[in-house]
Amino acid sequence: MKEIIINLASQTGFATLDYKNYIMILVAFLFMYLAIAKGFEPLLLVPISFGMFLVNMFPSIIQEGGLLHYFYKLDEWSILPSLIFMGVGAMTDFGPLIAYPPSFILGAAAQFGIYGAYFLAIAFGFTGKEAAAISIIGGADGPTSIFLAGKLGMGDTLLGPIAVAAYSYMSLVPVIQPPFMKLFTTKKERLIRMPQLRKVTKLEKIIFPIVVTLVVVMILPTTAPLVGMLMLGNLFRESGVVKQLTETASNAMMYIVVILLGTSVGATTSAEAFLQISTLKIVLLGLIAFSLGTTAGVLFGKLMCWVTKGKVNPLIGSAGVSAVPMAARVSQKVAAEYDPTNFLLMNAMGPNVAGVIGTAVAAGTFMAIFNVH
């Protein structure tokens, strides 16, 4: 009887965990607090934080044979990120981008943070592939970060910290972006009212995903999984003949994938894998990348404002990162602080959806550079 009690006691969490696990459990509680009490991207942070919570009490759950190991394999194989893109496409209206094509410039400008962080990561001592996987955090796009990290073979090393950093910065867009937006714009620029966008025809909306897929994938075939699924979902939406597929992709499937992806990403943050110097470097580089992307978007917005003689509000440039639609909402919120009757949301959605395409193109570019398919 004594041996049975001793054996049971030795298998409890209290006997097997060390202080690092308790630190990570506290971090999980912090993420839960931000998600539930503060409303910071709860659809992402609730499953991520609970996955983090589980793995630091029961590390075997992510090891081979454990439940979340099989969820995680879907991340490594790039299945879940691609399905997320299909859902995003089914939920997204590309009309603002079609109505104002110069928005593509702002979406491209915001990717500067990715390429700037790439060279900075190499300076921090990371290899080329590691630097590429880390730098994509600058797009504020969790699925693309997971997709690229898996394709570049970072699944067993950096995928967890990269994914958590990317999703954390996505949820903190309303906190991180406004200071940079205000720093690089004047009050006069923030008060600029943009004209209402023209009405986009149904035919334009149907042709758009087909043309984008054709052009982008022909130039960069490595973007096919992300751009292809994004545009397939959008074609479901705009064609008007597959309502059931649209509803499934944008609702049931999307939420199922978010649960699987979120919990498996959270489960990669075991204390042993996460509490390392490299993780702190990744978190810092991700913040720098995101800040650079926001700044570059705003500065190009200022340039467009000058070229158009005051017809473009530079605040919409910050929406060029890939966090849809949160970044566009932040542009609207900051503008409304100075003029509550100034509605920039639809103008900001153009750069925002362009940023989704831009981040996918950046990921495809890195895959092509390193000859990964």
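Residues numbered from 1 in each chain as written. Predicted model: local features only at pLDDT ≥ 70, side-chain atom pairs only at ≥ 80, totals over all residues. Heavy atoms only, no water.

### Side note on the overall build of the protein
Rule in force here: Starting at the N terminus, helices and strands are each numbered in turn, a helix being any DSSP run of H or I of at least four residues and a strand any DSSP run of E of at least two. Our radius of gyration is a C-alpha quantity, and the globule rule it is checked against amounts to 2.2 Å times the number of residues to the power 0.38. Burial classes: relative accessible area under 20% of the type maximum marks a residue as buried, over 50% as exposed, and values in between as partly exposed (1.4 Å probe, protein chains only).
Within the protein one finds 21 helices and zero strands. On C-alpha atoms alone, the protein measures out to a radius of gyration of 21 Å, which is about the 21 Å that the 2.2 N^0.38 rule sets for 373 residues. Based on the C-alpha atoms only, the size of the protein along its principal axes is roughly 85 × 45 × 40 Å. Across the 373 residues of the protein, 54% fall into the buried class.

### What to know about the side chain of Asn313
Stated precisely, the cut-off is as follows: It only takes one pair of heavy atoms within 4.5 Å for two residues to be counted as in contact.
When you line up the elements, Asn313 lands in the loop between α19 (277-307) and α20 (326-338). Its relative accessible area of 0% is what places Asn313 among the buried residues. Those residues in contact with Asn313, other than ones at most four positions away along the chain, are Glu189, Arg190, Leu191, Ile192, Met194, Asn342 and Leu344.

### Focus on the packing of aromatic side chains
Each pair of aromatic rings is reported with the distance of its centres and the angle of its planes. Put simply, the rule reads: The aromatic pairing rule takes the rings of Phe, Tyr and Trp, using the six-membered ring of Trp, and pairs them if the centres are within 6.5 Å, calling planes under 30 degrees apart stacked, those over 60 edge-to-face and the rest tilted. Definition used: whenever NZ (Lys) or CZ (Arg) falls within 6 Å of the ring centre and also within 35 degrees of the ring normal, the charge is taken to sit over that ring.
In this structure the tally under the stated criterion is six aromatic pairs. Measuring from ring centre to ring centre gives 5.3 Å for Phe94 and Phe208, while their planes differ by 35°; the resulting arrangement is tilted. One end of the pair, Phe94, is in the loop between α6 (79-91) and α7 (95-99); the other, Phe208, is in helix α15 (residues 202-219), and 114 residues separate them in sequence. Ring-pair connections join several aromatic residues into one group, and the members of that group are Tyr115, Tyr118, Phe119 and Phe366. Above the plane of the ring of Tyr338 lies Arg190, whose end atom (NZ or CZ) is 4.5 Å from the centre. Lying over the aromatic face of Phe126, Lys281 brings its terminal NZ or CZ to 5.9 Å of the ring centre.

### Describing the confidence of the model for the protein
Which entries qualify depends on this criterion: pLDDT expresses how confident the predictor is about each individual residue, on a scale running from 0 to 100.
In this model, the protein carries a mean pLDDT of 89, and residues with pLDDT of at least 70 account for 96%. Mean pLDDT across the elements of the protein bottoms out in helix α2 (residues 13-16) (56) and peaks in α15 (96).

### Some thoughts on helix α21 (residues 345-369)
This is how it is decided: Multiplying 1.5 Å by the residue count of a helix minus one yields the expected span of that helix.
Helix length check: α21 (25 residues) gives 36 Å between terminal C-alpha atoms against 36 Å at 1.5 Å per residue, within 8%. For α21, the tally of buried residues reaches 19 of 25 residues, placing the bulk of the element in the interior. Following α21 by one or two positions, Asn371 adopts a phi angle in the positive range, close to 55°.

### Focus: the side chain of Asp339
Here Asp339 lies in the loop between α20 and α21. With near-sequence residues (within four places) excluded, Asp339 lies in contact with Leu191 and Arg193.

### What to know about the packing of helix α13 (residues 173-183) against α20
Applied cut-off: Axis definition: a line fitted to C-alpha atoms, limited for helices to the stretch in contact. Angles are taken between N-to-C directions and run from 0 to 180 degrees. Small angles under 35 degrees read as roughly parallel and large ones over 145 as roughly antiparallel, with 65 to 115 read as roughly perpendicular and the rest as oblique. The hand of a helix crossing depends on one turn: near helix anticlockwise from the far one by less than a right angle means left-handed, and clockwise means right-handed.
Axis separation between α13 and α20 bottoms out at 10 Å; the angle between their running directions is 50°. The orientation of α13 with respect to α20, classified from their angle, is oblique. Our pair here, α13 against α20, has a crossing hand that is right-handed. Contacts between α13 and α20 involve Val173, Pro174, Gln177, Pro178, Met181 and Lys182 from the first element and Met326, Ala327, Val330, Ser331, Val334, Glu337 and Tyr338 from the second.

### Here's the deal with the pattern of salt bridges
Applicable threshold: Think of a salt bridge as a Lys or Arg side-chain nitrogen and an Asp or Glu carboxyl oxygen that are within 4 Å of each other.
Applying the stated rule across the entire model yields seven salt bridges. Put simply, Glu189 and Lys302 hold a salt bridge, and the shortest N to O gap is 2.8 Å. One end of the pair, Glu189, is in helix α14 (residues 187-190); the other, Lys302, is in helix α19, and 113 residues separate them in sequence. Residue Glu189 is classed as buried on the basis of its relative accessible area of 14%. Residue classification places Lys302 among the partly exposed positions, given a relative accessible area of 25%. With a shortest N-O distance of 3.0 Å, Arg237 and Glu238 are connected by a salt bridge. By relative accessible area, Glu238 is classed as buried at 11%.

### Thoughts on a nonpolar patch on the surface
Which entries qualify depends on this criterion: Grouping into patches uses exposed residues only, defined as over 30% relative accessible area, and leaves out salt-bridged ones; the cut-off is 9 Å for like charges and 5 Å for nonpolar side chains (Val, Leu, Ile, Met, Phe, Trp, Tyr). In these tables, accessible area is a Shrake-Rupley quantity obtained with a 1.4 Å probe, and a residue counts as shielded only by the protein chains included in the view.
Taken together, the side chains of Leu203, Ile207, Val211, Leu214, Val215, Met218 and Ile219 make up a nonpolar region of the molecular surface, amounting to roughly 720 Å² of accessible area. Here Leu214 shows up in helix α15.

### Concerning unusual backbone geometry
Of note, the amide linkage connecting Val324 to Pro325 takes the cis form, showing an omega dihedral of -5°. One non-glycine residue, Lys309, lies in positive phi territory at about 60°. By secondary structure assignment, the location of Lys309 is in the loop between α19 and α20.

### Regarding the packing of α6 against helix α17 (residues 243-266)
Stated precisely, the cut-off is as follows: Three classes are used, and their members are as follows: Ala, Val, Leu, Ile, Met, Phe, Trp, Tyr, Cys and Pro are nonpolar, Asp, Glu, Lys and Arg are charged, and the others, Gly among them, are polar.
For the pair α6 and α17, the least separation of the axes is 8 Å and the interaxial angle reads 145°. Here the hand of the crossing between α6 and α17 comes out left-handed. Mapping the contact onto sequence places Leu80, Pro81, Leu83, Ile84, Met86, Gly87, Val88, Ala90 and Met91 in α6 and Thr246, Ala249, Ser250, Met253, Met254, Val257, Val258, Leu260 and Leu261 in α17. Per-class residue counts for the contact of α6 with α17 are 15 nonpolar, three polar and no charged.

### Concerning α19
For α19, built from 31 residues, the straight-helix expectation of 45 Å at 1.5 Å per residue is met to within 8% by its first-to-last C-alpha distance of 45 Å. Lys309 sits one or two positions beyond α19 and adopts a positive phi of about 60°.

### Some details on the nonpolar core
Selection rule: Among buried residues, the Ala, Val, Leu, Ile, Met, Phe, Trp, Tyr and Cys ones that are joined through side-chain atoms within 4.5 Å form a nonpolar core.
In terms of nonpolar packing, the biggest core is built from 109 residues, with Phe94, Ile134, Ile137, Ile162, Met231 and Ile282 touching the most fellow members. Here Ile134 is in contact with Phe126, Leu158, Ile162, Ile282 and Leu285, once residues within four sequence places are set aside.

### Thoughts on the environment of Ala368
Considering the arrangement of structural elements, one finds Ala368 in helix α21. With a relative accessible area of 40%, Ala368 lands in the partly exposed category. Counting along the chain gives 148 residues from Ala368 to Leu220, while the straight-line C-alpha distance between them is 7.6 Å. Those residues in contact with Ala368 that sit more than four places away from it in its chain are Leu220 and Thr222.

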